[in-house]
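Geometric and topological summary
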Amino acid sequence: MKPFAFHSLRRCGAKVLVAGFALAGALSAQAQPLTKIRYSHDWRFDGPSAIVLMAQGKGYFAKEGLEVTVDTGTGSVSAIQRVIGGTHEMGTADTSAMIEYMANNPSTPSVLGVYMLLEQLPASVFSLKKPVR
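It should be emphasised that the depicted structure is a prediction, and the values quoted were computed from it without experimental measurement. (Residues numbered from 1 in each chain as written. Predicted model: local features only at pLDDT ≥ 70, side-chain atom pairs only at ≥ 80, totals over all residues. Heavy atoms only, no water.)

**Quick word on the sheet that holds strand 1 (residues 35-40)**
Keep this limit in mind: At least two DSSP bridges between two strands are required for those strands to pair. Per the convention used, a helix needs a DSSP run of H or I reaching at least four residues, while a strand needs a run of E reaching at least two, with both numbered from the N terminus. Working rule for contacts: check all heavy atoms of both residues, and any pair within 4.5 Å makes them a contact. In this analysis an axis means a line fitted to C-alpha atoms, helices contributing only their contacting stretch, and an angle means the value between N-to-C directions, from 0 to 180 degrees.
Here 3 strands make up an open sheet; going across it, the order is 2-1-3 and the pairing parallel. Whereas interior strands pair on both sides, the edge strands pair on one side only; in this sheet they are strand 2 (66-71) and strand 3 (90-91). Where strand 1 and strand 2 come together, 6 bridges link them in parallel fashion. Bridge pairing in strand 2 links T35 to L66. Contacting strand 1 and strand 2, helix 2 (residues 50-57) crosses the sheet at an angle of about 135° to strand 2.

This is the structure in structure tokens:
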């Protein structure tokens, strides 16, 4: 069998498998009530928020049996405090802020980081060409 045909067969099989899981999930989701999840962003809605807001807007969460409420934040620490405090089940925060928070609060329950949203900070340094007088 040629490598191209093998890759095509593997891709086709993966699509069928994913479709099967989606169908099974859809059937079970219809029989059960939606699971409520409160999600806290670390800051206001901006570019990195799109991954959650788009999924919510397109109904992807509901298709998976989830009712997600998305809240803005006032910084990474506030998102961490919301999750640890139990008001939110999930949140977005800087990994360094989470490590620092846990180091400064050793009695804090364990927090699980499951996804790295940004590998590098998309920040920049900028200034005006001419000073404002």
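That covers the picture; the talk isn't over yet.
**Quick look at the pattern of salt bridges**
As a reminder of what qualifies: A side-chain nitrogen of Lys or Arg and a carboxyl oxygen of Asp or Glu constitute a salt bridge if their distance falls within 4 Å. For each residue, the accessible area found with a 1.4 Å probe, counting protein chains only, is set against the maximum for its type, and the residue is called buried under 20%, exposed over 50%, and partly exposed in between.
Summed over all chains, the structure comprises 1 salt bridge. D71 is paired through a salt bridge with R38; the nearest N and O atoms lie 2.5 Å apart. Taken as a pair, D71 in strand 2 and R38 in strand 1 lie far apart in primary sequence, 33 residues in all. Relative accessible area serves as the criterion here: at 17%, D71 is assigned to the buried category. A residue is classified by how much of its surface remains accessible, and R38, at 35% relative accessible area, is partly exposed.

**Structural notes on a nonpolar patch on the surface**
Put simply, the rule is: A patch is a set of surface residues, each over 30% in relative accessible area and not in a salt bridge, joined within 9 Å for like charges and within 5 Å for the nonpolar side chains Val, Leu, Ile, Met, Phe, Trp and Tyr. Only the protein chains shown count as cover for residues, and all accessible areas are computed by the Shrake-Rupley method using a 1.4 Å probe.
Taken together, the side chains of I51, L112, V114, Y115, L117 and L118 make up a nonpolar region of the molecular surface, amounting to roughly 650 Å² of accessible area. Within the secondary structure, V114 sits in the segment after helix 5 (95-104).

**Looking at the nonpolar core**
Stated precisely, the cut-off is as follows: Nonpolar core, defined: a set of buried Ala, Val, Leu, Ile, Met, Phe, Trp, Tyr and Cys residues in which side-chain atoms within 4.5 Å join the residues together.
Within the largest apolar cluster, 5 residues are counted, these being I37, Y39, V52, V68 and V70. For this core, the secondary structure elements donating two or more residues are strand 1 and strand 2. Not counting residues up to four positions away in its chain, the partners in contact with V68 are I37, Y39, Q56 and F61.

**Some points on the side chain of S49**
By the element assignment, S49 lies in the loop between strand 1 and helix 2. Looking at S49, the relative accessible area reads 2%, which means it is buried. Ignoring anything within four residues of it in the chain, the contact list for S49 reads H41 and R44.

**Describing the packing of helix 4 (residues 76-85) against helix 5**
Worth spelling out the cut-off: Angular relationships are summarised with four words: roughly parallel below 35 degrees, roughly antiparallel beyond 145, roughly perpendicular across 65 to 115, and oblique for the angles in between. It is the rotation of the near helix from the far one that decides the hand of a crossing: anticlockwise by less than a right angle makes it left-handed, clockwise makes it right-handed. Only Asp, Glu, Lys and Arg are considered charged, only Ala, Val, Leu, Ile, Met, Phe, Trp, Tyr, Cys and Pro nonpolar, and every remaining residue, Gly among them, polar.
Running from N to C, helix 4 and helix 5 cross one another at 60°; their axes reach a closest spacing of 9 Å. If you check the angle between helix 4 and helix 5, you find them oblique. When the axes of helix 4 and helix 5 are compared, the crossing they make is right-handed. Each of S76, V77, I80, Q81 and I84 in helix 4 lies in contact with helix 5, whose residues at this interface are A97, M98 and Y101. Tallied by class, the residues present in the contact of helix 4 with helix 5 amount to 6 nonpolar, 2 polar and no charged.

**Here's the deal with the pairing of strand 1**
As judged from the 2 bridges shared by strand 1 and strand 3, these two strands associate in the parallel manner. Bridge pairing in strand 3 places S40 opposite G91.

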